[in-house]
Amino acid sequence: MEQDTQINNEDTIKLKLRRVIFGTDTRLGRYFDISLIICIILSVTLVFLDTVASINSQYGQLISILEWFFTIVFTIEYLLRLYCSAQPVQYVRSFYGVVDLLSILPSYLALLFPGANFTLVIRILRLFRIFRVLKLLRYLSEGNVLLRAMLQSGRKVFIFFFSVSLIVMVLSAIMYVVEGPGNGFTSIPKSIYWTIVTITTVGYGDITPGTNLGQAIAAFTMLLGYSIIAIPTGILTAEISQEMGKSKDLRRCSNCLKTGHENDASYCDHCGSELEAEI
């Protein structure tokens, strides 16, 4: 009897923690997530400031202490998520679970590999939680439309870039033969660099053709760049137009992050957690 009571108490604690840590429908849950976002912003800011030599020389030790403070906070938070999650394995394998783990590993790795702590900027990815905290899930639908359009147009864009790559290699070989090392085209890879810079209309100017024929080819390359630069935009625009006409339930489970639920579903069909209502 006493053991059953202990188990029930533990389940109650897990349920309460889950509502606070994974949910935003309670005041404590909202405060928890907002505090977490503030900690993430402060932590990433410290990493940025630590790369400034003047600040590092004066406040390097203080920054190091604060970084370890945030690392400990995030470690405790990660362990609590594992403890109270209804599906711990699903959480660990989810996008947020991987990012949460990567946000604390660099500090511990830095003990063995100096300099690894600068990868702490990965923590900024955790700011994606702001969509859930501020009930912005419905705005994610626009982002998902764009993502699906990009995936749908992937093959077309790949063929386009493959064709452009062939054009780049041909023009690079021609420029290497026409200009040669005397004008900066010391190798075909160097010519490829010049062609890419020219065809994308960036034009750094560190390498310029010196012969009349080379300048004529350069002018053709620039015009070619202007002609083809809008093609991938057109492909993506066409796919976005198709995706805009589709209606899907894009609510994401806050526990296991599964999407694609039924339109009238109130609970996740994968882990059973309550779904956030669309607003």
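This one's a predicted model, so the numbers in the text were calculated from it and none came from an experiment. (Residues numbered from 1 in each chain as written. Predicted model: local features only at pLDDT ≥ 70, side-chain atom pairs only at ≥ 80, totals over all residues. Heavy atoms only, no water.)

Visitor: I'd like to hear about the side chain of serine 172, residue by residue, with values.
Guide: Turning to its location among the elements, serine 172 is positioned in helix α9 (residues 154-179). The exposure class of serine 172 is buried, given its relative accessible area of 0%. Among the polar contacts listed, one links the side chain of serine 172 to the backbone oxygen of serine 191, at a separation of 3.4 Å. Beyond its immediate chain neighbours, meaning those up to four positions away, serine 172 contacts Ile188, Ser191, Ile192 and Thr195. (Helix = DSSP H or I, 4+ residues; strand = E, 2+ residues; numbered from the N terminus. Buried < 20%, exposed > 50% of the residue type's maximum accessible area, 1.4 Å probe, protein only. Polar contact = N/O pair within 3.5 Å; in protein donor to acceptor, adjacent residues only side chain to side chain. Contact = heavy atoms within 4.5 Å.)

Visitor: Please provide a residue-by-residue account of helix α5 (residues 95-102), values included.
Guide: By the burial criterion, the buried members of α5 are Tyr96, Gly97, Val99 and Asp100. Down the axis, α5 shows its buried residues gathered within 165° of arc, on one side only. Buried residues in α5 make contact with α3 (53-84) and α4 (88-93). Put simply, serine 94 is the residue that caps the front of α5, since its side-chain oxygen is 3.2 Å from the backbone nitrogen of glycine 97. (Arc of directions from axis to C-beta.)

Visitor: Can you break down the packing of helix α2 (residues 27-50) against α3 residue by residue, with the values?
Guide: One way to put it is that α2 packs onto α3 with a least axis distance of 9 Å and a crossing angle of 145°. Crossing geometry of α2 relative to α3 is assigned as left-handed. Contacts from Phe32, Asp33, Leu36, Cys39, Ile40, Leu42, Ser43, Leu46, Val47, Leu49 and Asp50 of α2 reach α3 at Ile55, Asn56, Ile63, Leu66, Glu67, Phe70, Phe74, Glu77 and Arg81. (Axes fitted to C-alpha atoms, helices over the stretch in contact; angles between N-to-C directions. Left-handed = near helix turned anticlockwise from the far one by under 90°.)

Visitor: Let's hear about the nonpolar core: which residues, and what values?
Guide: Judged by nonpolar contacts, the single largest core of 14 residues is most densely connected at Phe22, Ile40, Phe70 and Phe74. Setting aside its immediate chain neighbours within four residues, phenylalanine 70 contacts Cys39, Leu42, Ser43, Leu46 and Arg123. Ranked by size, the runner-up nonpolar core spans 13 residues in total, among them Phe160, Met175, Trp194 and Leu224. (Core = buried A, V, L, I, M, F, W, Y, C linked by side-chain atoms within 4.5 Å.)

Visitor: Now, about unusual backbone geometry: what can you tell me, with residues and values included?
Guide: In the Ramachandran plot, threonine 201 falls in the positive-phi region, its phi being about 60° despite a non-glycine side chain. As for its position among the elements, threonine 201 is in the loop between α10 (188-199) and α11 (212-228).

Visitor: How would you explain the pattern of salt bridges if you had to name every residue and give the values?
Guide: All told, the structure shown has 2 salt bridges when counted by the stated rule. Residue arginine 81 pairs with glutamate 77 through a salt bridge whose shortest N-O separation is 2.5 Å. Residue arginine 81 and its partner glutamate 77 are located together in helix α3, separated by 4 residues, close to a single helical turn. For the pair shown, arginine 81 and glutamate 77 are each scored as buried. Each of Glu77, Arg81 and Asp100 takes part in one network of salt bridges that share partners. (Salt bridge = Lys/Arg side-chain N within 4 Å of Asp/Glu carboxyl O.)

Visitor: Tell me about the packing of α9 against α10, residues and numbers included.
Guide: Remark: α9 packs on α10, axes separated minimally by 8 Å, with the N-to-C direction vectors making an angle of 120°. With respect to each other, α9 and α10 are oriented oblique. α9 and α10 meet at a crossing whose hand is right-handed. In contact with Val168, Leu171, Ser172, Met175 and Tyr176 of α9, α10 contributes Ile188, Ser191, Ile192, Trp194, Thr195, Ile196 and Ile199. (Parallel < 35°, antiparallel > 145°, perpendicular 65-115°, else oblique.)

Visitor: Got a sec to walk through the packing of aromatic side chains? Specific residues and values, please.
Guide: According to the stated counting rule, one finds 7 aromatic pairs in the structure shown. Judged by centre distance (6.4 Å) and plane angle (25°), the rings of phenylalanine 158 and phenylalanine 162 are stacked. With a gap of 4 residues between them, phenylalanine 158 and phenylalanine 162 both fall in helix α9, about one helical turn apart. Of the residues examined, phenylalanine 162 reaches a relative accessible area of 47% and is grouped as partly exposed. Put simply, the rings of Phe69, Phe70 and Phe74 pair up and form one aromatic cluster. Over the ring of tyrosine 83 we find lysine 14; its NZ or CZ atom is 5.1 Å from the centre of that ring. (Phe/Tyr/Trp six-rings, centres within 6.5 Å; stacked < 30°, edge-to-face > 60°. Lys NZ or Arg CZ within 6 Å of the ring centre and 35° of its normal.)

Visitor: Just give me the short version of a nonpolar patch on the surface, but keep the residues and values in it.
Guide: Where nonpolar side chains cluster on the molecular surface, the patch consists of Val98, Leu101, Leu102, Leu105, Tyr108, Leu109, Leu111, Leu112 and Phe113 and spans about 810 Å² of accessible area. Those elements giving two or more residues to the nonpolar patch turn out to be α5 and α6 (105-109). With respect to the helices, strands and loops of the structure, tyrosine 108 is situated in helix α6. (Patch = residues over 30% accessible without salt bridge, like charges linked within 9 Å, V, L, I, M, F, W, Y side chains within 5 Å. Areas by Shrake-Rupley, 256 points an atom, 1.4 Å probe, with all protein chains shown as cover.)

Visitor: Tell me about α9, residues and numbers included.
Guide: Taking 1.5 Å per residue, 26 residues should reach 38 Å; α9 reaches 36 Å between its end C-alpha atoms and fits that length. Among the residues making up α9, those that are buried are Phe160, Val164, Val168, Leu171, Ser172, Met175 and Glu179. One or two residues past the end of α9 sits glycine 180, with phi positive at roughly 80°. (Expected span 1.5 Å × (residues − 1).)

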